[in-house]
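Notes for the structure review
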Amino acid sequence: MLKTVVLIGGSGTNLQRLIDLENEGELKIEIQAVISHRPHAYGLERAKAAGIPTLCIDHTCFAAREAFEAALKDAILEMKPDLIILAGFMRILSANFVNAFTNQIINIHPSRLPLFKGLNTHEAALAAGVAVHGASVHFVTSDLDGGPIIAQSTVSISPTETPESLKAKVQVSEYELYPQVIQWFAQKRLSLKQDGVYLDNQRLPQEGVQL
Ligand code: GRF
C-alpha cells in the first residue's frame, strides 16, 4: 500500500477523487493525512468527512517561507509517506524543502507544460490561441512548474470557450490523469533517473505520457 500525504490549499476536488478511488479499492493507496496551508480550504472538510487526519499549517502565521517550510517538513517527516501529492497547494516550495523528499513529490498543473507555467493558465491558453490545452503531472523540483513531466492530458478548445468552461474541462481530465499516475507509483512502475522519467523501465519523452 502506497503511503501518501496530500497537500491542498483549496476546494479539493482532486483530493475527493483520490478518496473515492481509495474507498472503492480502485487505488491502492493510503492517505495518511491531508495538510492545508489555508485554514478554510474546503478540502479539509472533505478529508474530515472521510475520516482522514487533517492538519493546517497556515502560511500566514509564519514570518518567512523558511519557517513555514520547516514546519511543513517536520510534520511530513513524522508521517514517513512514500509519496507527497500536491493537489491545489498554492505555495512555492524551495530547494530546502524539496531536497528533503527527493523524487517523492508530485504536482498537477492546469496546462500542458512547459506551456503556461504559473497562475491563470486558462486565460493564458485562450489569449495565446492554442488549439488544445490540458493538465500535466510532474515531479516537483525547486524550479517552479519545471520538474520532469510524467503525464499530460489534452482537451480541445472550442471557438466559444471561456476561461471558466476551459477550467471545467481541464479539471475533468485531471480526475483521470492524477489517479493514473498515482497508480503507477503504487505499482512501483515509475522512477526518476538522471536522464529523465521512466515508466516500466522505458524512458519517457520530455512531455511525458499522453493520456
Ligand atoms: C487543479 O486545477 C490543479 O491543476 C491545480 O489546482 C487545482 C486544484 O483543484 N494545481 P482542486 O482543489 O483539486 O479542486
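Our subject is the structure listed above.
Structural notes, computed from the coordinates.

Surrounding the ligand, one finds Ser11, Gly12, Thr13, Asn14, Gly88, Ile108, His109, Pro110, Gln171 and Glu174. At 2.7 Å from an oxygen atom of the ligand is found a main-chain nitrogen or oxygen belonging to Gly12. Contact distances for the ligand include 3.3 Å between an oxygen atom and a side-chain N or O atom of Gln171. The fraction of the free accessible surface of the ligand (370 Å²) that becomes covered by protein chains is 86%.

Right, let's talk about the sheet that holds strand β10 (residues 190-193) for a bit. Within a beta sheet, neighbouring strands are joined by backbone hydrogen bonds and run either parallel or antiparallel to one another. Read from one edge to the other, the open sheet built from 3 strands follows the order β10-β11-β12, with strand pairing classed as antiparallel. Edge positions in the open sheet fall to β10 and β12 (202-203), since each of these has one partner strand only. Sheet analysis places β10 next to strand β11 (residues 196-199), joined by 4 bridges and oriented antiparallel. Along β11, the bridge assignment pairs Lys193 with Gly196.

Overall, the coordinates contain 5 salt bridges when judged by the stated rule. Residues Arg17 and Glu176 are paired through a salt bridge, measuring 3.2 Å at the closest nitrogen-oxygen approach. Separated by 159 residues along the polypeptide, Arg17 in helix α1 (residues 13-23) and Glu176 in helix α6 (residues 163-186) bring together distant segments of the chain. Exposure remark for Arg17: the relative accessible area of 25% places this residue in the partly exposed category. Note on Glu176: relative accessible area 51%, which makes it exposed. Put simply, Arg203 and Asp195 hold a salt bridge, and the shortest N to O gap is 3.5 Å.

Cis geometry marks the peptide bond from Leu113 to Pro114, where omega comes out at 10°. Despite not being glycine, Asn120 has its phi angle at roughly 55°, a positive value. Assignment of secondary structure puts Asn120 in the loop between β5 (105-109) and α5 (121-128). Even without being a glycine, Asp200 presents a positive backbone phi close to 50°.

By size, the foremost hydrophobic cluster in this structure holds 43 residues, and its most contacted members are Ile31, Val34, Ile106, Ile150, Val181, Ile182 and Phe185. Here this core gets 8 residues from one element, more than from any other, and that element is α6. Ignoring any residue separated from it by four or fewer positions in sequence, one finds Ile150 in contact with Ile106, Val137, His138, Phe139, Val181, Trp184, Phe185, Leu190, Val197, Leu204, Gly208 and Val209. Core analysis: the second largest hydrophobic core is formed by 17 residues, Leu7, Ala75, Phe89 and Val140 among them.

What follows covers the packing of aromatic side chains. Following the criterion strictly, the structure yields 3 aromatic pairs and no others. Ring geometry for Phe62 against Phe68: centres 5.8 Å apart, planes inclined by 65°, an arrangement best described as edge-to-face. On the accessibility criterion, Phe62 (27% relative accessible area) is partly exposed. Relative to Phe185, the ring of Phe139 has its centre 5.8 Å away and its plane inclined at 70°; by these criteria the two rings are edge-to-face.

What counts and how
Residues numbered from 1 in each chain as written. Predicted model: local features only at pLDDT ≥ 70, side-chain atom pairs only at ≥ 80, totals over all residues. Heavy atoms only, no water. Near = heavy atom within 4 Å. Polar contact = N/O pair within 3.5 Å; in protein donor to acceptor, adjacent residues only side chain to side chain. Areas by Shrake-Rupley, 256 points an atom, 1.4 Å probe, with all protein chains shown as cover. Pairing = 2+ DSSP bridges. Helix = DSSP H or I, 4+ residues; strand = E, 2+ residues; numbered from the N terminus. Salt bridge = Lys/Arg side-chain N within 4 Å of Asp/Glu carboxyl O. Buried < 20%, exposed > 50% of the residue type's maximum accessible area, 1.4 Å probe, protein only. Core = buried A, V, L, I, M, F, W, Y, C linked by side-chain atoms within 4.5 Å. Contact = heavy atoms within 4.5 Å. Phe/Tyr/Trp six-rings, centres within 6.5 Å; stacked < 30°, edge-to-face > 60°.

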